[in-house]
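The lines below spell out each chain.
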Amino acid sequence: MSLIQSDQPEKWQQSLADLITDPKELLDFLQLDSQLIKLGCVASAQFPLRVPRLFAERMEKGNRHDPLLRQVWPDLAEQTLDPARSQDPLQEARFNPIPGLLHKYQGRVLLTATPNCAIHCRYCFRRHFDYKSNTPGREHWREALDYVAQDSSINEVILSGGDPLVASDSYLKWLLSALDAIPHISSLRIHTRLPIVIPERISHELRQFFNTLNSQLIIVVHCNHANELDNQVKSTLRMLARDGHLLLNQSVLLREVNDDLASLVALSRALFASRVLPYYLHLPDAVVGTGHFDVSEAEGMHLIEELQDSLPGYLVPTLVREEPGKPGKTRLA
Ligand SMILES: *Cc1c(COP(=O)(O)O)cnc(C)c1O
Ligand code: SF4
C-alpha cells in the first residue's frame, strides 16, 4: 500500500497542479462582474494569471479592490509603456558569473533554484527575468556548488527563484544537503511564498528534512497583507518556528494594497502572532508594467515614521530599495 501511495502526488502538488489560471473563473469565484475581464486579459497573455485556491479563498467576495486580488489581477495598467522603466532594473545580468548564481553582496550568494512560482505577483521585479536559461539542471549545479565551495568568504546561500519550495522534496534535499556539507556555509536561507500561498507544502517529511540540516535555516516568507495569514498559515508558520528556524518576512510597499498605516500595523502584528519578524519593506522596483503599484520614497519614509510611533522596534521593517551596483540593499529608514 505504501508503494502505491508514494506514486500519488502529495496534497500540495495537487494544489499546485490546480491553480486558478482563467481570469473569468477568478471573477466568478469572487462573485465579481465578468465585465472586468476586458480589463484583465491582455496583461494575462504576457505574464499569465496564477493563483492558488487557498489564496483566493482569503479574498473578500464582491470586492474588486481586495488587497489580495490586487496583487494577482492582470490589470490593463500593465500595458502602460514608460521608457524610464526597465526589464532588468537591478542589472542582475552583470552579477551572474555562472548560470543560476548571483553574487552581488559580500558573504552571501543567491541561487535561482527553480523557474516556477505557485503564484504570479503582478508587481514582481523578476517577471521579465529569463529563468529558463538561468535554472540549471542538477548536472549544471556542479559549477555553482564549486563556486561556493571555493570561496570561503561566502557563509550564507540564499535559495530564491522563482519559488524554491515549488521544487520536489528530492531535488531540495539534494541541493540543500550539498550546500550544507560545505564547511564555511553556516546559514541556508529560503525565500518563498509557499508557506503563505500553499501551506500544505510544509509537509511532515519536509520538516523532518529541514531538521537534519546543520546550518541555521532562515525562511523568508513574502507576505504583503495581514489577510494572507489565515489560521492554517499561522499554525504552519508557528510549527516552523518551533522547529528552531528563523522566520522573517519581506514585503513590497504596494499602492492600494498596503500603503497605509493601518494595513502595515495589522501586517506586523499578524506576522508576530505567527512567530515571524518583519525584515524588509521594499519600495517597488521600476519594472515595465508595474507602475500602478508605485509608492514614492517620501511616502515610504513617512509611513515608517508612523510605524515607529505605533509598534515596538522589532515589528518595524527596514525600508529598502535595490539599486544596481550597490554592495547591499539601500536602507532608507
Ligand atoms: C537581496 C539579495 C541578497 C540578500 O540580501 P540581505 O540584505 O542579506 O537580505 C543577496 N543577494 C542578492 C542578489 C539579493 O538581491
Ligand atoms: S512568488 Fe516571488 S518570484 Fe514569484 S511572482 Fe511572486 S514575487 Fe515574483
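Residues numbered from 1 in each chain as written. Chains lettered and ligands numbered in written order. Predicted model: local features only at pLDDT ≥ 70, side-chain atom pairs only at ≥ 80, totals over all residues. Heavy atoms only, no water.

**Topic: the site of ligand 1**
Threshold: One heavy atom within 4 Å of a molecule or strand is enough for the residue carrying it to be called near that molecule or strand. In protein, a polar contact means a hydrogen-donor-capable atom and an acceptor-capable atom, both N or O and within 3.5 Å, with residues adjacent in sequence counting only if both atoms are side-chain atoms; elsewhere, any N or O pair within 3.5 Å suffices. The Shrake-Rupley method, run with a 1.4 Å probe sphere, supplies the accessible areas, and residue values consider only the shown protein chains as cover. Under the scheme used here, helices are H or I runs from DSSP no shorter than 4 residues and strands are E runs no shorter than 2 residues, and both carry numbers assigned from the N terminus. In this count, Pro and Cys sit with the nonpolar residues alongside Ala, Val, Leu, Ile, Met, Phe, Trp and Tyr, while Asp, Glu, Lys and Arg are called charged and the others, Gly among them, polar.
Neighbouring residues of ligand 1: K104, Y105, R108, L110, I158, R189, Y279, Y280, E322 and K329. Between an oxygen atom of ligand 1 and a side-chain N or O atom of R108, the distance comes to 2.7 Å. In isolation ligand 1 exposes 390 Å². Once the protein is present, 94% of that is buried. Of all the elements in the fold, those that place two or more residues in the shell around ligand 1 are β1 (101-105), β2 (108-112) and β7 (277-282). Classifying every residue of the shell around ligand 1 gives five nonpolar, no polar and five charged.

**Points about the sheet that holds strand β8 (residues 318-321)**
Our working definition: Strand pairing is assigned whenever DSSP detects at least two bridges linking the two strands. Should any heavy atoms of two residues lie within 4.5 Å, those residues are considered in contact. Angular values range over 0 to 180 degrees, each being the angle between N-to-C directions of two axes fitted as lines to C-alpha atoms, with helices fitted over their stretch in contact.
Strand order in the open sheet formed by nine strands is β1-β2-β3-β4-β5-β6-β7-β8-β9, and the pairing between neighbours is mixed. What marks the edges here is a single partner per strand, and that holds for β1 and β9 (330-331). Examined bridge by bridge, strand β3 (residues 156-160) and strand β4 (residues 187-192) share four bridges and lie parallel to one another. Bridging across to β4, E156 finds its partner in S187. Contacts from helix α9 (residues 169-180) reach β2, β3 and β4 within the one sheet, and its direction differs from that of β3 by about 165 degrees.

**Details of the packing of aromatic side chains**
Operational definition: For Phe, Tyr and Trp, rings pair up if their centres lie within 6.5 Å, where Trp contributes its six-membered ring, and each pair is then called stacked (planes under 30 degrees apart), edge-to-face (over 60) or tilted (otherwise). Accessible area is worked out with a 1.4 Å probe on protein chains only. A residue is then buried under 20% of its type maximum, exposed over 50%, and partly exposed in between. Our definition puts a charge over a ring when NZ of Lys or CZ of Arg is within 6 Å of the ring centre and also within 35 degrees of the ring normal.
Overall, the coordinates contain five aromatic pairs when judged by the stated rule. Ring centres 6.3 Å apart and planes at 50 degrees place the aromatic pair F209 and F210 in the tilted group. By relative accessible area, which is 8% here, F209 ends up buried. With a centroid separation of 5.6 Å and 50 degrees between ring planes, the pair formed by F272 and Y314 is classed as tilted. Here F272 is found in helix α13 (residues 261-273), whereas its partner Y314 is found in the loop between α14 (297-310) and β8, with 42 residues between them in sequence. Residue F272 is classed as partly exposed on the basis of its relative accessible area of 40%. A relative accessible area of 47% means that Y314 is categorised as partly exposed. Above the plane of the ring of F29 lies K61, whose end atom (NZ or CZ) is 4.3 Å from the centre. If you follow R201 out to its NZ or CZ, it ends over the ring of W12, 3.7 Å from the centre.

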